[in-house]
Amino acid sequence: MANIKTLAEFITERQHEFTYATGELTQLLTSFRLAGKMVNREVNKAGLAEDILGAQGTENVQGEQQQKLDVYANDLFIRLLRSQGEVCAVASEENEEIVHFDNGGKYVVTMDPLDGSSNIDVNVSIGTIFSIYRRISEGQTATMEDFMQPGNKQVAAGYIIYGSSTMLVYTTGHGVNGFTLDPSIGTFCLSHPNMTTPEEGRIYSVNEGNYYDFSDGVRNYIDDCKKQKMSGRYIGSLVADFHRNLLKGGIYMYPATKKDPKGKLRLLYEANTLAMIVEQAGGIATDGKTRILDLKPTELHQRCPLYIGSKGMVEKAMKG
Ligand code: AHG
Ligand code: MN
Ligand code: MN
């Protein structure tokens with residue numbers, strides 16, 4: 001039988017790869033590991049919880065239970081990050097402004113606590129996306145500048161997918177590794193060491209409902225995928241679509257549309273995170289013109305078009 005390595009063991013074993021104080025990374029990743037397990041527990045009973053609330057909700061107010069899962073996940077991640085001291089502030093999809101801890105911590109975190117949340121009610125895979133940056137500013141309180149760093153400054157990037165299995169996948173810039181949660185013991189175990197993505201793939205993932213809103217170049221590329229009888233796969237949870245394509249080879253696209261000329265996805269906690277992971281796995285990510293990781297953010301909730309996945313496919317898509 002193969003050796004079993006837990007995520008906790010792996011983080012400790014690899015902490016020397018981290019440029020800064022080693023214990024800090026362990027602390028940071030531990031928060032996500034723990035929060036991931038707790039969100040997983042809630043996700044797995046989401047249908048059940050809704051039924052219970054449906055029966056009781058009208059009679060008594062149960063604030064916590066009534067919270068939507070994405071608010072629950074957001075509060076949980078923030079609570080754990082706040083309590084552990086390395087993180088000074090968080091930018092989350094669920095908070096319009098920066099959430100400050102004012103603790104002088106050396107890192108800031110960006111996150112999408114629950115990605116694909118429209119899929120919760122229908123029992124389809126969802127995820128969590130997170131990035132960690134070293135602060136630029138000094139002192140007790142983080143600044144906007146700390147969050148306006150390009151993605152190439154990420155010190156770690158990861159996601160958790162709550163799917164048929166729950167997995168945590170992360171990189172610190174030394175390759176990508178994936179861990180699957182064994183629910184019977186509540187432990188993430190190394191299941192996907194040194195993940196690499198195929199250079200070519202046969203899956204294209206895009207919301208084709210927007211086809212007539214895309215540019216000619218994007219439409220040409222989609223037509224070409226069809227002519228080549230590629231597989232169209234679109235879950236509508238970025239993490240899940242990305243994860244499948246990472247393993248099997250493919251391209252995920254969320255182009256600009258007439259309605260959303262900047263695209264829909266967010267640079268700080270969707271595109272940048274997955275761009276670092278895909279590059280570490282041998283793939284590429286671009287907004288159509290510029291490498292995602294080189295974009296200089298100007299806003300917390302900035303949107304950008306995203307083309308991400310197997311190198312050959314993304315390059316071809318860029319030629320239209
Ligand atoms: P979120 O649930 O965090 O708001 O993200 C939803 C995103 C992403 O997960 C998904 O790929 C995309 O929205 C789907 O958008 P469309 O429904 O427009 O295809
Ligand atoms: Mn999202
Ligand atoms: Mn979300």
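Residues numbered from 1 in each chain as written. Chains lettered and ligands numbered in written order. Predicted model: local features only at pLDDT ≥ 70, side-chain atom pairs only at ≥ 80, totals over all residues. Heavy atoms only, no water.

1. Points about helix H10 (residues 311-319)
Heads up, the rule is: The rule is simple: take the accessible area with a 1.4 Å probe, protein chains only, and divide by the maximum for that residue type; under 20% is buried, over 50% is exposed, in between is partly exposed. For helices the rule is a DSSP run of H or I covering at least 4 residues; for strands it is a run of E covering at least 2, with both sets numbered from the N terminus onward. Should any heavy atoms of two residues lie within 4.5 Å, those residues are considered in contact.
Turning to H10, its buried residues are Gly-312, Met-313, Val-314 and Ala-317. At its buried positions, H10 is contacted by strand E9 (203-205), helix H7 (216-227), strand E11 (250-254), strand E12 (284-286) and strand E13 (306-309). Once H10 ends, the next one or two residues include Gly-320, with phi positive near 65°.

2. Things to note about the coordination of the manganese ion (ligand 3)
Tetrahedral coordination by four donors places them ideally at 109.5 degrees to one another around the metal; octahedral coordination by six donors ideally gives 90 or 180 degrees. Stated precisely, the cut-off is as follows: Distances up to 2.8 Å from the metal define which N, O and S atoms are donors, and 3.2 Å serves for Na, K and Ca; water is absent from the atom set, so sites may look incomplete.
Protein coordination of the manganese ion (ligand 3) is provided by Glu-93 (OE), Asp-112 (OD) and Leu-114 (O), with donor distances spanning 2.0 to 2.2 Å. Donor residues binding the manganese ion (ligand 3) come from one chain and are separated in sequence as E-x18-D-x1-L.

3. What about the sheet that holds strand E7 (residues 176-182)?
The following threshold applies: By definition, two strands form a pair when at least two bridges between them are found by DSSP. Lines are fitted to the C-alpha atoms to define the axes, a helix being fitted only along its stretch in contact, and any angle between axes, read from their N-to-C directions, falls within 0 to 180 degrees.
One open sheet accounts for 8 strands, arranged E2-E1-E3-E4-E5-E6-E7-E8; its pairing is mixed. The two strands at the open ends of the sheet, each matched to only one other strand, are strand E2 (99-100) and strand E8 (187-192). Inspection of the sheet shows strand E1 (residues 87-92) paired to strand E3 (residues 107-115) by 5 bridges, in the parallel sense. Paired with Val-87 across the two strands is Tyr-107, which belongs to E3. Each of E1, E3, strand E4 (126-134), strand E5 (154-162), strand E6 (166-171) and E7 is contacted by helix H9 (residues 267-280), which is oriented at about 100° to E5, the strand it contacts most.

4. Thoughts on the site of ligand 1
Where we set the bar: The criterion for a residue being near a molecule or strand is simple. One of its heavy atoms has to lie within 4 Å of it. Here a polar contact is recorded for every N or O atom pair within 3.5 Å, except that within protein the pair must consist of a potential hydrogen donor and a potential acceptor, and residues adjacent in sequence are included only if both atoms are side-chain atoms. Computed with a 1.4 Å probe, the accessible areas rest on the Shrake-Rupley method; for each residue, only the protein chains presented here act as cover. Each residue is assigned to one class: nonpolar for Ala, Val, Leu, Ile, Met, Phe, Trp, Tyr, Cys and Pro, charged for Asp, Glu, Lys and Arg, and polar for all the others, Gly among them. Domain segmentation is taken from an automatic or database assignment of domains.
In the vicinity of ligand 1 lie 16 residues, with Asp-115, Asn-207, Tyr-234, Tyr-252 and Tyr-254 positioned nearest. In the model, an oxygen atom of ligand 1 is placed 2.7 Å from a nitrogen or oxygen of the Asp-115 side chain. Separating an oxygen atom of ligand 1 from a side-chain N or O atom of Asn-207 is a distance of 2.7 Å. Protein coverage of the free-state accessible area of ligand 1, which is 470 Å², stands at 80%. For the shell around ligand 1, the elements supplying multiple residues, two or more each, are E3 and E11. In terms of residue count, E3 provides more of the shell around ligand 1 than any other element does, 3 residues in total. Of the residues assigned to the shell around ligand 1, the class counts are 6 nonpolar, 5 polar and 5 charged. When residues of the shell around ligand 1 are assigned to domains, at least three map to each of domain 1 (7-192) and domain 2 (203-319).

5. Description of the coordination of the manganese ion (ligand 2)
Only Asp-112 (OD), Asp-115 (OD) and Glu-270 (OE) from the protein reach the manganese ion (ligand 2) as donors, at distances of 1.9 to 2.2 Å. Written as a sequence motif, the donor arrangement for the manganese ion (ligand 2) is D-x2-D-x154-E. In this structure, the manganese ion (ligand 2) lies 3.8 Å away from the manganese ion (ligand 3), the two metals sharing Asp-112 as a donor. With Asp-115 in strand E3 and Glu-270 in helix H9, the pair connects residues that are 155 residues apart, well separated along the chain. Taking the relative accessible area as the measure of exposure, Asp-115 reaches 5% and is therefore buried. A relative accessible area of 5% places Glu-270 in the buried class.

6. Digging into the pairing of E8
Pairing of E7 with E8, which is carried by 5 bridges, proceeds in the antiparallel orientation. Within the sheet, the bridge partner assigned to Asp-182 lies in E8 and is Thr-187.

7. Describing the packing of helix H2 (residues 22-44) against helix H5 (residues 69-84)
Note the following rule: Angular relationships are summarised with four words: roughly parallel below 35 degrees, roughly antiparallel beyond 145, roughly perpendicular across 65 to 115, and oblique for the angles in between. In this scheme the crossing of two helices becomes right-handed for a clockwise turn of the near helix relative to the far one and left-handed for an anticlockwise turn of less than a right angle.
H5 packs onto H2 with a crossing angle of 155° between their chain directions and a minimal axis gap of 9 Å. Comparing their axes, H5 and H2 come out roughly antiparallel. Considering the relative orientation of H2 and H5, their crossing is right-handed. When H2 is examined against H5, the residues Gln-27, Leu-28, Ser-31, Phe-32, Leu-34, Ala-35, Gly-36, Met-38, Val-39, Arg-41, Glu-42 and Val-43 are found in contact with a partner set consisting of Leu-69, Tyr-72, Ala-73, Leu-76, Phe-77, Leu-80, Leu-81 and Gln-84.

8. Comments concerning helix H8 (residues 238-248)
Given 3.6 residues per turn, any residue in an α-helix points the same way as the ones three and four places further on. For H8, the buried fraction is high: 9 of the 11 residues fall into the buried class. Along H8, the residues classified as buried are Leu-238, Val-239, Ala-240, Asp-241, Phe-242, His-243, Arg-244, Asn-245 and Leu-246. Looking one or two residues beyond H8, the residue adopting positive phi is Gly-249, at roughly 95°.

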